[in-house]
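Report on the structure
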Amino acid sequence: MTGAGAGARDDGIVWSEEVARLEQQAAEALAGAKSSAALAEAQTTVLGKRSALTLAHRDLAKLDPPARRAAGKAIHDAQTRLETLAFERAEALAAVERAAMLERDRLDLTEVTRDEVRSTITRGRLHLVNQTRRELEDVFIGMGFTVAEGPEAETDWYNFEALNIPPAHPARSMWDTFYLELGQPETVVLRTHTSPVQIHLMEDEPLPIHAVIPGRCYRRETADARHLPVFHQMEGLVVDRGITFADLAGTIETFTTAYFGPDIHSRLRPGYFPFTEPSAEVEVTCTICRGAGCRTCSWTGWVELAGCGMVDPAVFQAVGVDPEEWTGFAFGFGIDRCAQMRHVIADMRVLTENDVRFSRMF
Ligand code: FA5
């Protein structure tokens, strides 16, 4: 037995004695381990690839077939018994260690004064995105808007078709969509934006409408400094008589000044959305680099906060609103994006990490 230092022998009795001796040594090493870490080490030594018992297998080739079988079985049985022993020892040690940990972590409140408790326990708070959603709601409520909600799972009709995006319309590629396995294939989606709630409101509510709709949206997108696959938008919809683009521009300007303060530079750029005409994008100077260009703003100096525009007559027709009598505007702000620019957060992904050191900053 090379591993056991016994040399090549074919004497079955010597083999079984040697295996018994190795098993005894190994069992003592396992039983003597005082912690889970020490046990893991002992297991590697006595049962691992380089253990004496494993190496003993190598010498079996030198034995006669009957002696080889007997010795092989003796080694295998010894290893099985040692594995059981190691398992039982691991359970016993884990129980002792768990009990010690509980004892260590136990709070003895009888020894803590009320002031000490106050100084160690901090109050929880809303996540920054929820704080921002509430702040945006407050600004719009102050401007005369009501707050509405809508479903996160939508049919294709609400998310796309009623918004003037028929099947196979090229604009569908603007939104990488998660489809749910419900009904006919590709008929139910996780909403890609809050705009379908415009349709629900026009179907369900009497006109005029002045509403904002906060909510979660989903897109098959890889997260990066400005994008998350699950994010939040604040939709706005105004339908009334005599509404013009000037009302939209004034509303956006009032909102950005109220939320970001008078020093922020914002602008409207021409944009395209199938459900608004004309359409625009709302941008602000990147607060990370103050317009100089950085990774967050893709070196443009500007960050897009929202899409907006005048409600397209095709959308009014889809819900039976007379476009001769009513006009309106709509917008969709990214809530996470607003929080990012307002609080100068270089990478939006921190919003999903739930690191309390970050949460405590707000
Ligand atoms: C839309 O979703 C349109 N529904 C907006 C709209 C509403 C236009 C009403 C006209 C009328 P867009 O895909 O550009 O448009 O998204 C609007 C805003 O949501 C963006 O400006 C950005 O602030 C935010 N946003 C979009 N995708 C993400 C994302 N993956 N992660 C975080 N924020 C996002």
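Residues numbered from 1 in each chain as written. Predicted model: local features only at pLDDT ≥ 70, side-chain atom pairs only at ≥ 80, totals over all residues. Heavy atoms only, no water.

1. Let's talk about the domain arrangement of the protein
Partitioning the protein into domains gives domain 1 (6-111) and domain 2 (128-359). Each of domain 1 and domain 2 has a C-alpha centre, and the two are 64 Å apart. (Domains from an automatic or database assignment.)

2. A closer look at the packing of helix H2 (residues 36-47) against helix H4 (residues 65-105)
Across the interface, H2 lies against H4 with an axial gap of 10 Å and an inter-helix angle of 170°. The pairing of H2 with H4 is recorded here as roughly antiparallel in orientation. Note on element contacts: H4 touches H2 through Gln 79, Leu 82, Glu 83, Ala 86, Arg 89, Ala 90, Leu 93, Ala 94 and Glu 97, opposite Ser 36, Leu 39, Gln 43 and Leu 47. Residues that form the contact of H2 with H4 fall into these classes: seven nonpolar, three polar and three charged. (Axes fitted to C-alpha atoms, helices over the stretch in contact; angles between N-to-C directions. Helix = DSSP H or I, 4+ residues; strand = E, 2+ residues; numbered from the N terminus. Parallel < 35°, antiparallel > 145°, perpendicular 65-115°, else oblique. Contact = heavy atoms within 4.5 Å. Nonpolar A, V, L, I, M, F, W, Y, C, P; charged D, E, K, R; others polar.)

3. Remarks on the packing of helix H6 (residues 128-142) against helix H11 (residues 335-342)
Taken N-terminus to C-terminus, the directions of H6 and H11 make an angle of 95°; their axes are 9 Å apart at the nearest point. Compared by their axis directions, H6 and H11 come out roughly perpendicular. Side by side, H6 and H11 meet where Leu 128, Val 129, Thr 132, Arg 133, Glu 135 and Leu 136 of the first sit next to Ile 335, Asp 336, Cys 338, Ala 339 and Arg 342 of the second. Looking at side-chain class alone, the contact of H6 with H11 contains six nonpolar, one polar and four charged residues.

4. Topic: the side chain of His 193
Mapping His 193 onto the fold places it in the loop between strand S3 (188-190) and helix H8 (196-204). A residue is classified by how much of its surface remains accessible, and His 193, at 2% relative accessible area, is buried. In this view, His 193 contacts Asn 159, Leu 163, Trp 175, Cys 217, Arg 219, Gln 233 and Phe 275; residues no more than four positions away in its chain are not counted. (Buried < 20%, exposed > 50% of the residue type's maximum accessible area, 1.4 Å probe, protein only.)

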